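Structure at a glance
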Amino acid sequence: MDALLAKSLGKSMSYETYRELVRQLAIDNSTSGLQKTESNIQFTKLNDRRMKRWDKTIELSEETIERINSFQEKVTWLVISESWCGDSAHINPVLNKIAQINNNIDLRFVLRDENPELMDAFLTYGNRSIPKLIMIDDASGKVLSTYGPRPSEATYFVNRFISKNGKLTPDFKEDLQHWYNKDKGKNILDDITEMLCETSSNFCL
């Protein structure tokens with residue numbers, strides 16, 4: 001696992017580079033990943049607009065900023081993502097905002113389809129679901145925690161819908177996007193601060 005993480009980090013990119021990649025793909029009428037479908041191309045264009053909006057509008061309370069700054073461990077957040085993924089478009093800008101606040105957090109990105117071995121080491125219920133955040137301790141190289149592919153409340157809604165209907169429908173997926181827009185990243189922030197608390201006793205004080 002240590003060798004796999006090191007190899008993946010060596011190929012990783014910054015959030016700024018990831019954003020530029022998505023932006024250029026949208027301009028080029030293309031998409032990341034192995035499936036160069038028209039649907040994924042259109043999702044990439046939509047996600048570029050979503051991330052542009054979230055990059056500008058995400059706001060954190062002074063209390064949240066203070067809590068995030070109290071995290072003292074040096075860690076790397078390695079995020080598995082793709083340009084076409086709607087959940088990634090909503091979650092990644094929030095992760096970046098947190099990393100911008102606390103210099104102890106180094107945020108890096110890799111693409112799922114270019115890193116199948118890494119993805120298969122961090123499956124969600126046997127699926128290659130993204131985004132997936134892998135929290136790595138810089139000192140030891142060990143994985144401290146993981147997060148994703150959705151915030152806790154969204155995960156509850158998705159699981160409840162699947163249990164009743166068998167699969168997600170286009171209408172539900174649209175409702176889920178409305179939920180993200182209404183929540184404005186709050187659930188993600190709550191989840192991440194809880195994750196930091198679980199990995200640092202000082203953070204919880």
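Heads up: these notes are all about the structure in this document. Computed from a predicted model, the values in this text were never measured in an experiment.

Right, let's talk about the overall build of the protein for a bit. Per the secondary structure count, the protein includes 9 helices and 4 strands. Relative to a compact globule of 205 residues, whose C-alpha radius of gyration would be 17 Å, the protein shows 17 Å and is just as compact. As displayed, the protein offers around 10,600 Å² of accessible surface, 50% of which is attributable to carbon and sulfur atoms. Seen as two clouds, the 27 positive and the 30 negative side-chain charges of the protein have centres 5 Å apart.

With that settled, consider empty space enclosed by the protein. All chains considered together, the criterion is met by 1 cavity of 30 Å³ or more. Taken together, Trp 54, Ile 58, His 90, Val 94, Tyr 180, Asp 183, Lys 184, Gly 185 and Ile 188 form the lining of the largest cavity. Put simply, the parts of the chain that give the lining of the largest cavity at least two residues each are helix 5 (86-101) and helix 8 (170-183). In the lining of the largest cavity, the residues fall into 5 nonpolar, 2 polar and 2 charged.

Sheet architecture is open: 4 strands sit in the order 2-1-3-4, paired in mixed fashion. At either end of the open sheet lies a strand with only one pairing partner, and these are strand 2 (105-111) and strand 4 (143-147). This sheet shows a mean twist of 20 degrees between the axes of neighbouring strands, independent of strand direction. Across 7 bridges, the pairing between strand 1 (residues 75-81) and strand 2 is parallel. Directly across from Ser 81, in strand 2, lies its bridge partner Leu 111.

The next thing to look at is the environment of Phe 157. Residue position: Phe 157 is located in helix 7 (residues 152-165). Sequence-wise, Phe 157 and Leu 176 are 19 residues apart; in three dimensions their C-alpha atoms are separated by 8.4 Å. Beyond its immediate chain neighbours, meaning those up to four positions away, Phe 157 contacts Phe 172 and Trp 179.

Let us look at the environment of Ile 136. Summarising the element assignment, Ile 136 is placed in strand 3 (residues 132-137). By relative accessible area, Ile 136 is classed as buried at 4%. Residues Ile 136 and Leu 5, 131 residues apart in the sequence, show an inter-C-alpha distance of 8.8 Å. When residues no more than four places from it in sequence are discounted, the contact partners of Ile 136 are Leu 5, Leu 9, Lys 74, Val 75, Thr 76, Leu 78, Gly 141, Lys 142 and Val 143.

Core analysis: the largest hydrophobic core is formed by 38 residues, its most contacted members being Trp 77, Leu 95, Ile 98, Leu 107, Leu 133, Met 135 and Ile 192. No other element matches helix 5, which puts 6 residues into this core. Once residues within four sequence positions are removed from consideration, Ile 98 is found in contact with Ile 68, Trp 77, Ile 105, Leu 189 and Ile 192. Core analysis: the second largest hydrophobic core is formed by 13 residues, Leu 78, Val 110, Leu 118 and Phe 122 among them.

Procedures and definitions
- Residues numbered from 1 in each chain as written.
- Predicted model: local features only at pLDDT ≥ 70, side-chain atom pairs only at ≥ 80, totals over all residues.
- Heavy atoms only, no water.
- Helix = DSSP H or I, 4+ residues; strand = E, 2+ residues; numbered from the N terminus.
- Rg over C-alpha atoms; globule rule 2.2 N^0.38 Å.
- Areas by Shrake-Rupley, 256 points an atom, 1.4 Å probe, with all protein chains shown as cover.
- Lys, Arg positive; Asp, Glu negative; His and termini not counted.
- Charge placed at Lys NZ, Arg CZ, Asp CG, Glu CD.
- 1 Å grid on protein atoms, 1.4 Å probe; cavity = no way out; pocket = protein on both sides within 12 Å on 5 of 7 lines; lining within 4 Å.
- Points joined across faces, edges and corners; volume = space filled by probe spheres on them.
- Nonpolar A, V, L, I, M, F, W, Y, C, P; charged D, E, K, R; others polar.
- Pairing = 2+ DSSP bridges.
- Axes fitted to C-alpha atoms, helices over the stretch in contact; angles between N-to-C directions.
- Contact = heavy atoms within 4.5 Å.
- Buried < 20%, exposed > 50% of the residue type's maximum accessible area, 1.4 Å probe, protein only.
- Core = buried A, V, L, I, M, F, W, Y, C linked by side-chain atoms within 4.5 Å.

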